[in-house]
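# Remarks on the overall topology
If you want the building blocks of each chain, they are given just below.
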Amino acid sequence: MVLEPLVKILFIILATFFVLNCSPQGSEEDSYLVARQRMVKEDIQKRGIDDPRLLEAMLKVKRHLFVPKDYRHLAYEDRPLPIGEGQTISQPYIVALMTYHLHIKPGDKVLEIGTGSGYQAAILAELAKEVYTIEIIEKLAEKAQERLKRLGYRNVWVKCGDGFFGWKEHAPYDAIIVTCAAPKIPEHLIEQLKEGGRMILPLGDDPFFQSLTLITKREGKIEKKQITAVVFVPMTGEIEKERK
Ligand code: SAH
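Residues numbered from 1 in each chain as written. Predicted model: local features only at pLDDT ≥ 70, side-chain atom pairs only at ≥ 80, totals over all residues. Heavy atoms only, no water.

Turning our eyes to something else, we now look at the site of the ligand. In the region of the ligand, 26 residues are neighbours, and Ser117, Glu135, Asp162, Gly163 and Thr236 sit closest. The contact in question runs from an oxygen atom of the ligand to an N or O atom on the side chain of Ser117, over 2.6 Å. Thr236 is positioned such that a nitrogen or oxygen atom in its backbone is 2.8 Å from a nitrogen atom of the ligand. Relative to its unbound accessible surface of 580 Å², the ligand loses 99% to contact with the protein. (Near = heavy atom within 4 Å. Polar contact = N/O pair within 3.5 Å; in protein donor to acceptor, adjacent residues only side chain to side chain. Areas by Shrake-Rupley, 256 points an atom, 1.4 Å probe, with all protein chains shown as cover.)

This is the structure:
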């Protein structure tokens, strides 16, 4: 008599437990969330990135949706990963570090050179009003555009082209980020930067070592500050002519 309701309760508990744990979608998403929380705390926050809006964005954007399926299990490791066409998605700490130095405000208009997977663009879209991003490889540009649309980003515009020339129609920009290594500062990008605006880029000709450089435009002149050593894929297109 007393036993019957107890058995019922036990059955409900067991059934709930079974349903929750057997939902592959839910448990996979949960494990990514735990991994993402670890990444933000250990690889980003503990290494000195203390901007709450940026940390929130890094926690919100699901990096595993920007990498090929075979690499998803590595999405929250602090390392770059292949995205096809010989290109890579940058290491999360470097994405955070570059964004951190741009001091993006909610009303800002930002230009990115090197869309790649679209991950950096999504982080920027969480922080700025408008994001314009240029990718030179058509296949990557199309995929990134489709992915960002599917994820609901309405404030990102992707264009296939050579970022060396910038995107004049929407200039000037509050901030510019270049996610491929340039042997010298592309002058069109300086022209398209607002007075007081910031630009960050990996500068250098060596494929295994470049200097992450922060540029501030003041009264038409530029101030340069070296941040750290980085390794990025090279900028291709027009700028290659100047390498020779
Ligand atoms: N920001 C990307 C990673 C960039 S990898 C992400 O979050 O996934 C660098 C990218 O720059 C590559 O996709 C490469 O094709 C692109 N790239 C190289 N030279 C370029 C140029 N001149 N203009 C635009 N994109 C360029």
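Detailed conclusions should not be drawn from predicted coordinates in areas where pLDDT is low. This prediction gives the protein a mean pLDDT of 92; 89% of its residues lie at or above 70. Confidence drops under pLDDT 50 across residues 18–25; counting only partners more than four residues distant or on other chains, this segment forms 0 contacts. (pLDDT = per-residue confidence, 0-100. Contact = heavy atoms within 4.5 Å.)

Right, let's get into the packing of aromatic side chains. What the rule picks out here adds up to 6 aromatic pairs. For the ring pair Tyr132 and Trp167, a centre distance of 5.4 Å and an interplane angle of 75° mean the geometry is edge-to-face. You can see Tyr132 sitting in strand S4 (residues 130–135) and its partner Trp167 sitting in the loop between strand S5 (156–160) and strand S6 (173–178), a full 35 residues away along the chain. The pair Tyr132 / Trp167 is uniform in exposure class, with both members buried. Of the aromatic side chains, those joined through ring pairs into one cluster are Tyr132, Trp157, Trp167 and Tyr173. Across from the ring centre of Tyr93, 3.7 Å away, lies the NZ or CZ of Arg47, which sits over that ring. Across the ring face of Tyr119, the terminal group of Arg63 is positioned such that the distance to the ring centre comes to 5.8 Å. (Phe/Tyr/Trp six-rings, centres within 6.5 Å; stacked < 30°, edge-to-face > 60°. Helix = DSSP H or I, 4+ residues; strand = E, 2+ residues; numbered from the N terminus. Buried < 20%, exposed > 50% of the residue type's maximum accessible area, 1.4 Å probe, protein only. Lys NZ or Arg CZ within 6 Å of the ring centre and 35° of its normal.)

Glancing now at the layout of surface pockets. Computed from the structure, the largest pocket encloses a volume of approximately 580 Å³. Taken together, 37 residues make up the lining of the largest pocket; nearest its centre are Thr88, Thr179, Cys180, Phe232 and Val233. Of all the elements in the fold, those that place two or more residues in the lining of the largest pocket are strand S2 (87–89), helix H4 (92–102), strand S3 (109–113), helix H5 (119–127), S4 and strand S9 (221–230). With 3 residues, S2 is the largest single contributor of residues to the lining of the largest pocket. (1 Å grid on protein atoms, 1.4 Å probe; cavity = no way out; pocket = protein on both sides within 12 Å on 5 of 7 lines; lining within 4 Å. Points joined across faces, edges and corners; volume = space filled by probe spheres on them.)

Let us look at empty space enclosed by the protein. Going through the model one piece at a time under the given rule, you end up with 1 cavity of 30 Å³ or more. Roughly 30 Å³ of internal volume is contained in the largest cavity.

In this section: the packing of helix H3 (residues 52–60) against H5. Direction vectors running N to C along H3 and H5 enclose 130°, while the axes themselves pass 9 Å from each other. Comparing their axes, H5 and H3 come out oblique. Two packed elements cross with a definite hand, and for H3 against H5 that hand is right-handed. From H3, Arg53, Leu54, Ala57, Met58 and Lys60 reach across to H5, where they touch Tyr119, Ile123, Glu126 and Leu127. In terms of residue class, the contact of H3 with H5 is made up of 6 nonpolar, no polar and 3 charged. (Axes fitted to C-alpha atoms, helices over the stretch in contact; angles between N-to-C directions. Parallel < 35°, antiparallel > 145°, perpendicular 65-115°, else oblique. Left-handed = near helix turned anticlockwise from the far one by under 90°. Nonpolar A, V, L, I, M, F, W, Y, C, P; charged D, E, K, R; others polar.)

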